[in-house]
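Observations on the three-dimensional arrangement
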Amino acid sequence: MLLKLFPYLSALLIEEVERQPGGVVLRTRVRAATAACRCGESSGRVHGRYVRRLRDVAVGGLGLVVELCVRRFRCENPACAAVTFAEQVVGLTTAHSRHTPLLRGVLTQIGLALAGRAGVRMAAAVGVPVGRDTLLRLVRGLPDPEVGAVEVLGVDDFAFRKGRHYGTVLIDMDTHSPLDMFDGRDAEDLAARLRGHPEVKVICRDRSGGYSEGARLGAPQAEQVADRFHLWQNLGQAVEKTVNVHRSRLAEPGPAVSADAEPKTLQPLPELKIVSRLRDQHAAVHELWEQGMSKAAIGRKIGLHQATVRKLVNARSVDDVITKTLQRAHVVDPYTGYLHRRWNEGVRNAAQLYREIKELGYSGGELAVQRHLRRYRDGRGHAPAVGPKPPSVREVTSWIMTHPEHLNDEVADKLHHLRERDNNLDRLTLHVRKFATMMTGRHGDRLEGWITSVEQDTLAPLASFARNLRRDLDAVRNGLSLPHSSGAVEGNINRLKMLKRQMFGRASLDLLRKRVLLTR
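Residues numbered from 1 in each chain as written. Predicted model: local features only at pLDDT ≥ 70, side-chain atom pairs only at ≥ 80, totals over all residues. Heavy atoms only, no water.

Here's the deal with helix 15 (residues 409-421)
Helix length check: helix 15, at 13 residues, gives a terminal C-alpha distance of 18 Å against a target of 18 Å (1.5 Å per residue), a fit within 8%. For helix 15, the secondary structure elements touched by its buried residues are helix 14 (393-401) and helix 16 (423-440). Looking at where helix 15 begins, the residue whose side-chain oxygen comes 3.3 Å from the main-chain nitrogen of Glu410 is Asn408. (Helix = DSSP H or I, 4+ residues; strand = E, 2+ residues; numbered from the N terminus. Expected span 1.5 Å × (residues − 1). Contact = heavy atoms within 4.5 Å. Polar contact = N/O pair within 3.5 Å; in protein donor to acceptor, adjacent residues only side chain to side chain.)

Remarks on the sheet that holds strand 11 (residues 202-205)
Within a sheet, neighbouring strands are paired by backbone hydrogen bonds and run either parallel or antiparallel to one another. One open sheet accounts for five strands, arranged 10-9-8-11-12; its pairing is mixed. Each of the sheet's edge strands pairs with one partner strand only, and the pair in question is strand 10 (177-183) and strand 12 (223-226). Neighbour-to-neighbour, the strand axes of this sheet turn through a mean angle of 25°, independent of strand direction. Sheet strands touched by helix 4 (residues 187-194): strand 8 (152-161), strand 9 (165-172), strand 10 and strand 11. Its angle to strand 10, the strand with the most contacts, is close to 135°. Where helix 20 (residues 487-502) meets the sheet, it contacts strand 8, strand 9 and strand 10, and its direction lies at approximately 30° from that of strand 8. (Pairing = 2+ DSSP bridges. Axes fitted to C-alpha atoms, helices over the stretch in contact; angles between N-to-C directions.)

Section: the environment of Gly218
As for its position among the elements, Gly218 is in helix 5 (residues 209-218). Beyond its immediate chain neighbours, meaning those up to four positions away, Gly218 contacts Ala191, Leu194 and Arg195.

Points about the packing of helix 6 (residues 228-245) against helix 14
The packing of two helices is summarised by the inter-axis angle and the distance between the axes. The geometry of helix 6 relative to helix 14 is characterised by a closest axis approach of 9 Å and an angle of 130° between their N-to-C directions. Classified by the interaxial angle, the pair formed by helix 6 and helix 14 is oblique. The way helix 6 lies across helix 14 gives a crossing that is right-handed. Taking contact as the criterion, the partners of Trp232, Leu235, Gly236, Val239, Glu240, Val243 and Asn244 in helix 6 are, on helix 14, Val393, Arg394, Val396, Thr397, Ile400 and Met401. Among the residues forming the contact of helix 6 with helix 14, the class breakdown is eight nonpolar, three polar and two charged. (Parallel < 35°, antiparallel > 145°, perpendicular 65-115°, else oblique. Left-handed = near helix turned anticlockwise from the far one by under 90°. Nonpolar A, V, L, I, M, F, W, Y, C, P; charged D, E, K, R; others polar.)

What to know about unusual backbone geometry
Here the phi dihedral of His96 falls at roughly 60°; this positive angle occurs in a residue that is not glycine. Within the element layout of this structure, His96 appears in the loop between strand 7 (84-86) and helix 2 (101-125). Of note in this structure, His176 is not a glycine but carries a positive phi near 60°. One can find His176 in the loop between strand 9 and strand 10.

Quick notes on the pairing of strand 2 (residues 23-30)
Counting buried positions over the eight residues of strand 2 gives six, a clear majority of the element. The turn joining strand 1 (residues 12-20) and strand 2, which pair antiparallel and follow one another in sequence, is formed by two residues. Of the strand pairs in this sheet, strand 2 and strand 6 (residues 62-74) are connected by seven bridges, and their pairing is parallel. Of the residues in strand 6, the one forming a bridge with Val25 is Val65. (Buried < 20%, exposed > 50% of the residue type's maximum accessible area, 1.4 Å probe, protein only.)

Focus on the nonpolar core
The biggest cluster of nonpolar side chains holds 36 residues, and the ones touching the most others in it are Leu235, Val243, Leu428, Phe435, Trp450 and Leu469. Of all the secondary-structure elements, those providing two or more residues to this core are helix 6, helix 14, helix 15, helix 16, helix 17 (447-455), helix 18 (460-471) and helix 19 (473-479). Per-element accounting of this core gives the leading share, six residues, to helix 16. Those residues in contact with Leu235 that sit more than four places away from it in its chain are Met401, Val432, Phe435, Trp450, Leu462 and Phe465. (Core = buried A, V, L, I, M, F, W, Y, C linked by side-chain atoms within 4.5 Å.)

With respect to the environment of Met439
For Met439, the position within the fold is in helix 16. Its relative accessible area of 12% is what places Met439 among the buried residues. Distance in space between the C-alpha atoms of Met439 and Ser481 is 7.8 Å, their sequence separation being 42 residues. Not counting the four nearest positions on each side in its chain, Met439 is found in contact with Arg228, Trp232 and Leu480.

Quick word on the packing of aromatic side chains
In this structure the tally under the stated criterion is seven aromatic pairs. Seen from their ring centres, Trp450 and Phe465 are 6.2 Å apart, and the 80° between their planes marks the pair as edge-to-face. Taken together, the residues span a long stretch of sequence, with Trp450 in helix 17 and Phe465 in helix 18 at a distance of 15 residues. On the basis of relative accessible area, Phe465 is assigned to the buried category, the value being 5%. By way of ring pairs, the aromatic residues Tyr335, Tyr354 and Tyr362 are connected into one cluster. Over the face of the ring belonging to Tyr166 we find Arg185, whose NZ or CZ atom lies 3.7 Å from the ring centre. Between the NZ or CZ atom of Arg193 and the centre of the ring of Phe182, over which it lies, the distance is 4.2 Å. (Phe/Tyr/Trp six-rings, centres within 6.5 Å; stacked < 30°, edge-to-face > 60°. Lys NZ or Arg CZ within 6 Å of the ring centre and 35° of its normal.)

So, in structure tokens, the structure goes:
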């Protein structure tokens, strides 16, 4: 069994086996009386001896160290440049290595999978203590995978530091394997790599202008394909902007009010706790003041600061005290009508309403607006909202971007009513569904007509999206016609992000590149 696990043992004489706290030590020497030099000449003239300590894979969870007595022979070939040479054991020794080839392969795979610190913890758990620098050195020493002919290439960027520093990864779309990655995402960087692959026929990319130019310069023979996912994502952003323009139409219209109808009486707000407390304190302070007690004595008796007692005594009435205490809340009063109207139009965001009334001259803070709107949310002390709460812009965008067969009956009815009330949203939905049919059915030949119809419409954000498609028309048409997509590229980008975060941002590009290219 041991010979199957460790074939090199057949070439050794085991002189001693010692159990140590850290594992097992085998003291050995080579059986053969002669050894072959690099020149091919065999020699039996021993020049000297020394001991090598070689770590091997663990046995039963115990680390294994082989102490090999190595002989140095004198080469008998007078033409050989090496006067002396050390004997080597196949499967056990390699030049200048302290690990057997088997252990070296295991540690390399651990380093590829887990990098430095996590790899050290895993190696220690299987009985092979090793330093993180050793693991990283083994990974860096691996050769790059061989790259054959690539006909369909995927290109995308990734962030070293989001918003500041980016790199590019190239993917073989036939095997879904990464081919190369490099720092930067400029057109010339990509063109320089593509010139080394004249066999490329198709390049799948996003709608980046830099990659478009780089593909044109580096591989003019290749067809460029704009990814459908990015096209659909860009369309969704345009739809959301369009819905936001018409958000005032999202609320259900309120019931008609007849001219002779009596105005609805607003329910008074319940008295705030601070108002009730001020009334009680005012009454108690004036009762004691009329009894002839001093302000300091009243404060000690009731537990109030002397300045508070003085304020209550000097006030003409309790309403004056309450008004001064709550005066910051009343700064919103001149704008309550505007806030009521915007609320009933479906705008429920306090920060947005604050910005709007600030442009109208409001001098207070956002907190006062939030407190005022809290009454609306609780349904207390304000004009009732007209109809139910309208759907949000994102909800309506999601309804429009979803296949009609995948909408439940309730949502489908809501979208149907919205389209009936607003002709703009109806036309927007029709445009989106035509684009979806064109994309899923691979009808790229319809793209020019779709762009023209959208440009002639009055939906500005969608028209802007359509005009941008003209700048990359050939690639977009190919994306809507050919079966190629960047799905495999996005999958590799997700794996790259995992590897990058696993390394805690402390490793350089060369190590990240090795792990990306050599792990699967």
